[in-house]
Amino acid sequence: AQSVTQPDIHITVSEGASLELRCNYSYGATPYLFWYVQSPGQGLQLLLKYFSGDTLVQGIKGFEAEFKRSQSSFNLRKPSVHWSDAAEYFCAVGAGSGTASKLTFGTGTRLQVTL
Amino acid sequence: GAVVSQHPSWVICKSGTSVKIECRSLDFQATTMFWYRQFPKQSLMLMATSNEGSKATYEQGVEKDKFLINHASLTLSTLTVTSAHPEDSSFYICSALSPSTDTQYFGPGTRLTVL
């Protein structure tokens, strides 16, 4: 069965500082990997995804993530954080396409940005 | 593109009544939709996979007679919480799978409070 671990429950960074959110997955084959962001009381917005190809993927809002098969990781990064980035971030892994694409989510990392 | 709506955004009901939540994909057709439940400050837990024109597939531990799912068209899935009780109070989020991108797009969620 697939699983996702987000080791950091809560991270605080200063505005303008760099950010890295960790995500480790467990899956037997090449996974479909996603990062979503959730603002309080809202649904989830897709930041970026990795299916295959270039292991460094670019997303919206200046985020990027790197797939490292050897480390079973898909860490999310941003070079300079803005106060509006404060939210809950979820990493997710999917098994495939169609009805096989149901996602398993990590427990989330809450990002706090100080001014 | 890839917008998913949910209605209502919040609902308060009395114990014993039933509540219907709608999930619509606004600009794409989705043969597969998913229903999640999220407890405060926790991750999303998949409840069921909804396939257009067929019965939903429920995750282990989810009562299918309590959480009725109907996916009658390619743009609409509904979740009905029957005979709701206070322990059913939660944040319910749907997603629709875009067949062209193999990506789930999420609705804004429905907060259900059962008194």
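Residues numbered from 1 in each chain as written. Chains lettered and ligands numbered in written order. Predicted model: local features only at pLDDT ≥ 70, side-chain atom pairs only at ≥ 80, totals over all residues. Heavy atoms only, no water.

**Topic: the packing of aromatic side chains**
- Enumeration according to the criterion identifies 15 aromatic pairs over all chains in this entry.
- Between A:Tyr36 and A:Phe105 the ring centres are 6.0 Å apart and the planes differ by 50°, which places this aromatic pair in the tilted class. Pair noted here: A:Tyr36 is in strand β5 (residues 32-38) and A:Phe105 is in strand β11 (residues 103-105), with a separation of 69 residues, a long-range link. Accessibility classification places A:Tyr36 together with A:Phe105 in one group, the buried group.
- Pairing B:Phe67 with B:Tyr92 gives two aromatic rings, centres 6.3 Å apart and planes at 45°, and the pair type is tilted. Of this pair, B:Phe67 sits in strand β7 (residues 67-73) while B:Tyr92 sits in strand β9 (residues 90-98), and the two are 25 residues apart along the sequence.
- In this structure an aromatic cluster arises from ring pairing among A:Tyr32, A:Phe34, A:Tyr36, A:Phe51, A:Phe90, A:Phe105, B:Tyr36 and B:Phe106. (Phe/Tyr/Trp six-rings, centres within 6.5 Å; stacked < 30°, edge-to-face > 60°. Helix = DSSP H or I, 4+ residues; strand = E, 2+ residues; numbered from the N terminus. Buried < 20%, exposed > 50% of the residue type's maximum accessible area, 1.4 Å probe, protein only.)

**Describing the interface of chain B and chain A**
- Chain B puts 22 residues into the contact, and the matching count from chain A is 22 residues.
- Both sides of the chain B and chain A interface together cover about 1600 Å² of buried area, and 56% of this is carbon and sulfur.
- The largest contributions to the chain B side of the interface with chain A come from B:Ser43, B:Asp102 and B:Phe106, which together make up 29% of the buried area.
- For the pair chain B and chain A, the interface holds one salt bridge.
- A salt bridge links B:Glu59 to A:Lys102, with the nearest nitrogen and oxygen atoms 3.1 Å apart.
- On inspection of chain B and its partner chain A, the count reaches seven residue pairs in polar contact (both at pLDDT 80 or more).
- Those elements that place two or more of their residues in the side of chain B that touches chain A are β4 (32-38), β5 (44-51), β9 and β10 (103-106) of chain B. (Contact = heavy atoms within 4.5 Å. Buried area = accessible area lost by both parts, 1.4 Å probe. Salt bridge = Lys/Arg side-chain N within 4 Å of Asp/Glu carboxyl O. Polar contact = N/O pair within 3.5 Å; in protein donor to acceptor, adjacent residues only side chain to side chain.)

**As for a nonpolar patch on the surface**
- Residues B:Trp10, B:Ile12 and B:Leu115 make up a contiguous nonpolar surface patch of roughly 390 Å² in combined accessible area.
- Residue placement: B:Leu115 occurs in the segment after β11 (110-114). (Patch = residues over 30% accessible without salt bridge, like charges linked within 9 Å, V, L, I, M, F, W, Y side chains within 5 Å. Areas by Shrake-Rupley, 256 points an atom, 1.4 Å probe, with all protein chains shown as cover.)

**Section: the pattern of salt bridges**
All names here are of chain A.
- Under the definition given, this model contains eight salt bridges over all chains.
- Arg22 is paired through a salt bridge with Asp8; the nearest N and O atoms lie 2.9 Å apart. Of this pair, Arg22 sits in the loop between β3 (19-21) and β4 (24-26) while Asp8 sits in the loop between β1 (3-5) and β2 (10-14), placing them 14 residues apart in sequence.
- A residue is classified by how much of its surface remains accessible, and Asp8, at 19% relative accessible area, is buried.
- The partner of Arg77 in a salt bridge is Glu64, and the shortest N-O contact between them spans 3.2 Å. Here Arg77, found in strand β9 (residues 73-78), pairs with Glu64, found in strand β8 (residues 64-68); they are 13 residues apart in sequence, far enough to count as distant.

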